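As a plain string of letters, each chain reads:
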Amino acid sequence: MNFTRLYASCFFGRSVILQQEAKCPFFKSPSKRYFQTSGGNVPLGLTKDKQDVVIRDNASEPCSRAKFSIHHGQRICQYESVRFSSSVSDKKDTVSLEDIFSTWNQHRVQSKLKSVKPIRSIEQFPPRKNTKSSAVLVPLCTVNKEPSIVFTLRSSSVRKHRGEVSFPGGNVDKRDKNVVDTALRETFEEIGIHPRYFHVWGVMQPTINKAGSNVIHPVLAFCGEIDVRTLTINLDEVEEVFTCRIQDLCDKRQIKSTQFRTDPGYTLPVYLGGVHKIWGLSSIILHQTLKLIAPGLYTYELKHIPPINSIKKVK
């Protein structure tokens, strides 16, 4: 039995995702409606409150996508179904630019937050004693309807990492409930976007700074259409706010790498497709983000050559 994952642009004010049939409640509504798709008839079941939609595809021939409409009185809602199977491997798990901020991709990302490791993981690079914790926000957005990511350029007056590209964020404060609160609070303080405008997708696996003194928790959140010219920037911390299109960040022709040979060593990507070079911790978090949200679009693979000392230890 094949199942179809569904997302809707409009259905009683919310989008929906198909789950495995075993996890879905039986339909309380006795009526079922059928809609013709390229793969055959698809029965649509509605629960009694008419808020949840489940589609089961009985078509013998696989159809990767099928578009159709549902009429609710005078309202016409456009739907697109996307084939989903629990047997599909990660290698075939691809996302298009059109789908990257869709509800179904959000659910896919949330299911893989713990499986995508950073280049510098705390398992490989253990923290030192009295390590601080911090959080950064990776603001997913659209600019003129194009999927993009927001970055900041740190002020030249700050003590550390002056003039470098970063994500908004900072150290965890006692008043913060969790790292999500930290990331949202710092973002508001630095670039003026209120937490209510963000839809948080989740927290990625933490990474660690080069000195081993700070564990950083990247938080993924979507804030919709944005115009950086309208933002209220804290000039004491931020010199500039800019965005990069995800399409450009995924362009392998615009990505280089730099290698650190100090045992155990690691390799960082360097992104050159935007208005500023992105490297260091920001590139670690960006690489992790793109692998997570844009499989198929982002195909850049880091090649790390271990230092000679590490090779001798292995032997």
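In this report, the structure presented in the accompanying data block is examined. As the structure is a prediction and not an experimental result, all values here were calculated from the model. The residue numbering used here restarts from 1 in each chain and proceeds along that chain's sequence as written. Note on the predicted model: pLDDT of at least 70 is required for a residue's local features to be given, and 80 or more for side-chain atom pairs to be given and counted; whole-chain, interface and lining totals, by contrast, use all residues. The basis for the side-chain values is all heavy atoms of the structure; hydrogens and waters are excluded.

### Details of unusual backbone geometry
Then, in step 1: Despite not being glycine, Asn130 shows a phi value in the positive range, around 60 degrees.
Then, in step 2: Every helix listed is a DSSP run of H or I at least four residues long, and every strand listed is a run of E at least two residues long, numbered separately from the N terminus. Along the chain, Asn130 turns up in the loop between helix H1 (103–112) and strand S7 (132–143).
Then, in step 3: One non-glycine residue, Lys145, adopts positive backbone phi at about 70 degrees.
Then, in step 4: Within the secondary structure layout, Lys145 lies in the loop between S7 and strand S8 (146–154).
Then, in step 5: Only protein chains enter the calculation, and the probe is 1.4 Å; a residue is then buried if its accessible area is under 20% of its type maximum, exposed if over 50%, and partly exposed in between. The exposed category is assigned to Lys145, whose relative accessible area is 75%.

### Here's the deal with the nonpolar core
Then, in step 1: Definition used in this section: a nonpolar core is a set of buried Ala, Val, Leu, Ile, Met, Phe, Trp, Tyr and Cys residues joined via side-chain atoms within 4.5 Å. Core analysis: the biggest nonpolar cluster contains 35 residues, and Ile149, Phe151, Leu220, Leu286, Leu290 and Ile293 have the highest contact counts within it.
Then, in step 2: Here this core gets five residues from one element, more than from any other, and that element is helix H4 (residues 281–293).
Then, in step 3: Leaving out residues up to four positions away in the same chain, Ile293 has contacts with Val95, Ile100, Asn105, Arg108, Val109, Leu140, Trp201, Leu220 and Ile246.
Then, in step 4: Formed by 18 residues, the second largest nonpolar core is a distinct cluster that contains Val180, Ala183, Cys223 and Val241. Two residues qualify as a contact provided that any one of their heavy atoms is within 4.5 Å of a heavy atom in the partner residue.

### Comments concerning the pattern of salt bridges
When their charged atoms lie close together, side chains carrying opposite charge are able to pair.
Then, in step 1: Salt bridge, as applied in this entry: a Lys or Arg side-chain nitrogen positioned within 4 Å of an Asp or Glu carboxyl oxygen. Scanning all chains against the criterion turns up nine salt bridges.
Then, in step 2: Of the charged contacts in the structure, one is a salt bridge between Arg245 and Asp248, with a shortest N-O distance of 2.9 Å.
Then, in step 3: Judged by its relative accessible area of 29%, Arg245 falls in the partly exposed class.
Then, in step 4: Taking the relative accessible area as the measure of exposure, Asp248 reaches 26% and is therefore partly exposed.
Then, in step 5: Through salt bridges that share partners, Asp173, Arg175, Asp176, Arg185, Glu186 and Glu189 make up one connected network.

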